[in-house]
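Descriptive analysis of the structure
Read off the chains here:
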Amino acid sequence: MAPVRIFDTTLRDGEQTPGVNLSPAEKLEIARHLARLRVDVIEAGFPISSKGEFEAVRAIAREISGPVIAGLARINPEDIYRAYEAVKEARRPMIHTFVATSEIHMRYKLRKSPEEIIEMTRVGVRTAKSLTNEVEFSAEDATRSDPAFLCKVFQVAVDEGATCINIPDTVGYTTPAEFKRLVGTIRANVRGIENVIISVHCHDDLGLAVANSLSAVEAGASQIECTVNGIGERAGNTSLEEVVMALRTRKDHFGTDTLVVSEQIYRVSRLVSALTGVPIQPNKAIVGANAFAHQSGIHQDGVLKERLTYEIIRPETIGLSSSRIVLGKVSGRHAFSMRLEELGYSVSQEEVDKLFVKFKELADRKRDISDKDIEALVDSELFRVPECVVLDYYHVSAGNRTVPTATVRLSVGSSPREEAASGDGPVDALFKAIDRCTGLCVTLTDYSLRAVTSGKDALGEVTLKITHNGRSFSGRGLSMDVIEASARAYVDAINRLYHSGPEERAQTSAAG
Ligand code: KIV
Ligand code: ZN
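Attention in this report is confined to the structure presented alongside it. (Residues numbered from 1 in each chain as written. Chains lettered and ligands numbered in written order. Predicted model: local features only at pLDDT ≥ 70, side-chain atom pairs only at ≥ 80, totals over all residues. Heavy atoms only, no water.)

1. Some thoughts on the sheet that holds strand β6 (residues 164-169)
Spatial strand order, β1-β2-β3-β4-β5-β6-β7-β8: eight strands in a closed barrel with parallel pairing. Across the sheet, the mean angle separating the axes of adjacent strands is 25° when strand polarity is ignored. Across the sheet, helix α4 (residues 103-110) lies against β4 (93-100) and β5 (134-140), angled at about 85° from β4, the strand it touches most. Contacts from helix α7 (residues 176-189) reach β6 and β7 (197-202), with the element oriented near 155° to β6. (Pairing = 2+ DSSP bridges. Helix = DSSP H or I, 4+ residues; strand = E, 2+ residues; numbered from the N terminus. Axes fitted to C-alpha atoms, helices over the stretch in contact; angles between N-to-C directions. Contact = heavy atoms within 4.5 Å.)

2. Observations regarding the pattern of salt bridges
Enumeration according to the criterion identifies 39 salt bridges in this entry. When the shortest N-O distance is used, the salt bridge between R144 and D141 registers 3.1 Å. Using a relative accessible area of 29% as the deciding quantity, one classes R144 as partly exposed. Its salt-bridge partner being D373, residue K366 comes within 3.0 Å of it at the nearest N-O pair. Taken individually, K366 and D373 each receive the classification buried, so the pair is uniform in this respect. What emerges from the salt-bridge pattern is a single network uniting R270, R450, E461 and R476. (Salt bridge = Lys/Arg side-chain N within 4 Å of Asp/Glu carboxyl O. Buried < 20%, exposed > 50% of the residue type's maximum accessible area, 1.4 Å probe, protein only.)

3. Structural notes on the sheet that holds strand β11 (residues 389-397)
Ordered by their spatial adjacency, three strands build an open sheet running β11-β12-β13, and the pairing between neighbours is antiparallel. Two strands lie at the open edges of the sheet, namely β11 and β13 (415-422), each paired on one side alone. The sheet shows a mean angle of 15° between the axes of neighbouring strands, direction not considered. Relative to strand β12 (residues 405-412), β11 runs antiparallel, the two being bridged by eight bridges. For V396, the partnering residue across the bridge sits in β12 and is A406. Helix α16 (residues 426-438) rests against β11, β12 and β13 of the sheet, and its axis sits at about 140° to β13. The strands touched by helix α17 (residues 482-498) within the sheet are β11 and β12, with β11 carrying the most contacts at an inclination of about 150°.

4. Here's the deal with the site of ligand 1
Around ligand 1 sit R12, D13, H96, F98, S138, E140, N166, P168, T170, H201 and H203, and those are all the residues in its vicinity. Between ligand 1 and D13, the relevant distance is 3.1 Å, taken from an oxygen atom to a side-chain nitrogen or oxygen of the residue. Contacts to ligand 1 include H201, whose side-chain N or O atom sits 3.1 Å from an oxygen atom. Taking a 2 Å distance to the grid points as the criterion, the majority of the atoms of ligand 1 fall inside the largest pocket. Elements that contribute at least two residues to the shell around ligand 1 include exactly β4, β5 and β6. Counted by class, the shell around ligand 1 contains two nonpolar, six polar and three charged residues. (Near = heavy atom within 4 Å. Polar contact = N/O pair within 3.5 Å; in protein donor to acceptor, adjacent residues only side chain to side chain. 1 Å grid on protein atoms, 1.4 Å probe; cavity = no way out; pocket = protein on both sides within 12 Å on 5 of 7 lines; lining within 4 Å. Sits in = over half its atoms within 2 Å of the grid points. Nonpolar A, V, L, I, M, F, W, Y, C, P; charged D, E, K, R; others polar.)

5. Considering helix α11 (residues 265-276)
With 12 residues, α11 extends 16 Å between its outermost C-alpha atoms, agreeing within 8% with the 16 Å of an ideal straight helix rising 1.5 Å per residue. Here α11 lies mainly inside the structure; 12 of its 12 residues are buried. Of the surrounding secondary structure, the elements contacted by the buried residues of α11 are α1 (24-37), α9 (240-249), α15 (371-382), β14 (443-451), β15 (460-468) and β16 (471-479). A positive backbone phi angle near 75° is found at G277, which sits one or two residues after α11. (Expected span 1.5 Å × (residues − 1).)

6. Details of the packing of helix α13 (residues 333-342) against helix α14 (residues 349-365)
Where α13 contacts α14, the two axes come as close as 10 Å, and the packing angle between them is 110°. In terms of their interaxial angle, α13 and α14 are classed as roughly perpendicular. As α13 runs across α14, the sense of the crossing is right-handed. Seen from α13, the contacting residues are R333, F336, S337 and L340; seen from α14, they are V352, D353, L355, F356 and F359. The class makeup of the residues in the contact of α13 with α14 is six nonpolar, one polar and two charged. (Parallel < 35°, antiparallel > 145°, perpendicular 65-115°, else oblique. Left-handed = near helix turned anticlockwise from the far one by under 90°.)

7. Things to note about the layout of surface pockets
Empty space among the atoms becomes visible once a probe the size of a water molecule is rolled across them. Quantified by volume, the largest pocket comes out at close to 1200 Å³. Forming the boundary of the largest pocket are 48 residues, of which E15, Q16, K27, S49 and E53 lie nearest the centre. Going through the elements one at a time, α1, α2 (51-63), β4, β5, β6, β16 and α18 (502-511) are the ones with two or more residues in the lining of the largest pocket. Of all the elements, α2 adds the most residues to the lining of the largest pocket, at five residues. For the lining of the largest pocket, the per-class residue count stands at 14 nonpolar, 20 polar and 14 charged. (Points joined across faces, edges and corners; volume = space filled by probe spheres on them.)

Given below as structure tokens:
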């Protein structure tokens, strides 16, 4: 059986995760990693949604080779032309167009009759096909649509030249057995379907997205749409790493696999988490911090005797290093740069130099530096936006019988600003002092702290989100001192805000 195609929609449906807001540069960086992962299709975005989104999709189409680059469009000519403009320079461009087919969506959202939906599909797919060869057509809310009507709509799409028909479980409503039947019904009733790709796109509202996608493969689907870490609208989408590793680990059962380079999974997962600010739950399958941890004595004993007793996937298969102690204070630039290479980073000499300075700073404070420390360092340093705001200095005073206070000095542009504030805790005081320095009125909406490694000298990584004028920005900070990690994360988010576009800058400088 041919490999199952992986259609990655991290940059489109994944970006629809509440509070996620990726810059064009961040989207491009994720696309580079997805190409290294060798997904078949990258859905780079929804070009008509904003100018920035259009530019991001175009930049990805221009640079990335290997995967097909898709742009999403509602089924109207304006959307379709805009999507085409954004992807047309790709080696293999694709227009992905969609319309809803369920009674609920047609009646209440679109206010269109079934006949009108059929006509819109005809015109939309024909328009897309006149622009580019690869056209995917999706019937939104397919799993709550009348199957006979759904087959009629798909028939029109296939007759008009769609090269892929996609069956979305838009609201995560279906079950594995039901979805399998639906895929079977569509295969049996749409003429010419054997010549097109049958794709499925599941949401995780009932926690069934992966199971439903795999069930569809058993029914003959040839493509799965998914996102890294399963991010996406509401409860998210089918998780890429889970379907890929299920197909690989149980190839004996499914009789097929994907072309994904699984050793890249861990790296892409971390990157997506870092840039979206969406943390990975510790017990998440495949990429969670506990996914390969054996806690109970019985399990540890079993694994030590024979790892197959409790391990169905080798950690190295997803690119997880064994966290050896590798480097320390006396390690030189060459050893550091070699280790980066072994860990799979392809960084320029200039970046190595920058990272080496940070590595030395860390080595002065931490005796043994593990692969995980290095990965955290690289992720936090390489994906920084240019710094308009620089943290020069902070001092925090806190205790169980004192009012926490913080003094902060920042450079905003070229002007130093120093302010003090008190707060409900040391981090609150610190953030209030930073707000006074920037003059911005931001709201902290999310804050999480995790230890990168174990031990008293572990690096702490803070991930947080702020909102400003209805827009959300994530920030990350890394330090052995959690207060410093918090300050760095907050300043990182503020820099992303400053960096986010002219209208935002105008508002922020007016406020500042
Ligand atoms: O969930 C959905 O229906 C979608 C479509 C645009 C494919 O994301
Ligand atoms: Zn979706």
